[in-house]
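# Per-entry structural report
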Amino acid sequence: MASGSKKAVYAALFGNLGIAITKFIAALITGSAAMWAEAYHSASDTFNQILILFGIRTSTKAASYQHQFGHGREVFFWSFIVATMIFGISGILSLEQGVSSLFEEFHQIKDPQISYIILVIAFGFESNALRVALKQFLREIRNNGEKITFSTMIEHFKESKDVALLTVIVEDCAALLGIIVAGIGILLSDITGNAIYDAIASLVIGGILMFFAFFLAKENRGLLIGESVTNREYKKIVKSIQAIPEVNKLITMRTMHLSPEDILVGVQVNLIDNLDTDKIELVTDAIEQKIMEVIPDTNKEHIFVEIERERKK
């Protein structure tokens, strides 16, 4: 796992922990349903970061007889748990808070100024956490030799297997959106004297959390099942292997992510005639080297090359 991704997770963790505590205090003082929803949101984000850090740590455990390709998928598993349990639970609690407040006859908001101050502070912390995560995200795009454009950002987001970084980005975006919704709901209730807007804001925040929970669960599900390298990486590997003079034909190539960086690669190639054993070994080494040039962080032991020499008719 890249150190930049871990830094983004830590930035989100400490920011969310402080924000969660202040939001709970504000929710108790004001009685705002939207503030309660935001408190649940920030608390869930804090637990999210702890679980992701735990997943990052366990994913680095050495391979064993039972897990011969290592524990790299641990980070995918814990990211999936984050999406399905933590986001889901906080989303349900926010919806429940909104529904109960909607039908509560004497639901009122006290001292809304406290909520405004807390939301502004939270917006600043969340913005900083998102800045740290986006900085690492943009660095990855530059490392791929691509220019920073909206289209490349969207494409990289779809292709990235760094679930820790993606989770932080999604969380921070959801958090900023939730803060805006909460602020609007509390402001409308303050202006009109009708607390229904506060309850509706809680419902909307719950919906936002549930939406992002589904999105993250879907992304991590694919990685748990076993996703291949990106189409761009696949084409680069194929092109580089086919450029080796002794390779007559690339028959098959199958790949699967064992972790965000480590990839299982199985290649079957057809070689030209009249190659002795030493030359075949050199070609095999060349193929492995070409693959490593495209995916340099993968474990070389997880690259398997099967040679098939052309037979004379």
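Before any of the text, the structure's been laid out above.
Summarised in this report is the structure supplied together with it. (Residues numbered from 1 in each chain as written. Predicted model: local features only at pLDDT ≥ 70, side-chain atom pairs only at ≥ 80, totals over all residues. Heavy atoms only, no water.)

Our next topic: the overall build of the protein chain. Counting secondary structure elements, the protein chain contains nine helices and three strands. Element order for the protein chain, N to C, with α for helix and β for strand: α-α-α-α-α-α-α-α-β-β-α-β. Taking 313 residues into account, the globule formula puts the C-alpha radius of gyration at 20 Å, and the protein chain, at 25 Å, lies well above it. Each of the three principal axes of the protein chain carries a C-alpha extent, and together these read 90 × 40 × 30 Å. The buried share of the protein chain, taken over its 313 residues, is 49%. Here the analysis covers contacts within the protein chain between residues at least 6 apart in sequence; of these, 74% occur between residues at least 24 apart. Entry remark: accessible area of the protein chain is about 16,100 Å², with carbon and sulfur atoms responsible for 61%. (Helix = DSSP H or I, 4+ residues; strand = E, 2+ residues; numbered from the N terminus. Rg over C-alpha atoms; globule rule 2.2 N^0.38 Å. Buried < 20%, exposed > 50% of the residue type's maximum accessible area, 1.4 Å probe, protein only. Contact = heavy atoms within 4.5 Å. Areas by Shrake-Rupley, 256 points an atom, 1.4 Å probe, with all protein chains shown as cover.)

Once that is clear, we can look at the packing of helix H6 (residues 163-192) against helix H7 (residues 196-225). For the pair H6 and H7, the least separation of the axes is 8 Å and the interaxial angle reads 170°. Comparing their axes, H7 and H6 come out roughly antiparallel. Of the residues assigned to the contact of H6 with H7, the class counts are 18 nonpolar, six polar and one charged. (Axes fitted to C-alpha atoms, helices over the stretch in contact; angles between N-to-C directions. Parallel < 35°, antiparallel > 145°, perpendicular 65-115°, else oblique. Nonpolar A, V, L, I, M, F, W, Y, C, P; charged D, E, K, R; others polar.)

In summary, soluble globular proteins display a tendency toward joint burial of nonpolar side chains. One finds Val9, Ile52, Ile56, Ala133, Phe137, Leu165 and Ile169 to be the most contacted residues of the largest nonpolar core, which totals 27 residues. Those residues within four positions of Leu165 in sequence are excluded, and the remaining contacts are Ser5, Ala8, Ala133, Gln136, Phe137 and Glu140. Within the second largest apolar cluster, 25 residues are counted, among which are Tyr40, Ile118, Val170 and Leu209. (Core = buried A, V, L, I, M, F, W, Y, C linked by side-chain atoms within 4.5 Å.)

Most of strand S2 (residues 263-271) sits out of view: seven of its nine residues are buried. Taken together, the nine bridges between strand S1 (residues 247-257) and S2 define a ladder with antiparallel strand orientation. Of the residues in S2, the one forming a bridge with Leu250 is Val269. Hairpin geometry of S1 and S2 is characterised by an intervening segment of five residues between the two adjacent antiparallel strands. (Pairing = 2+ DSSP bridges.)

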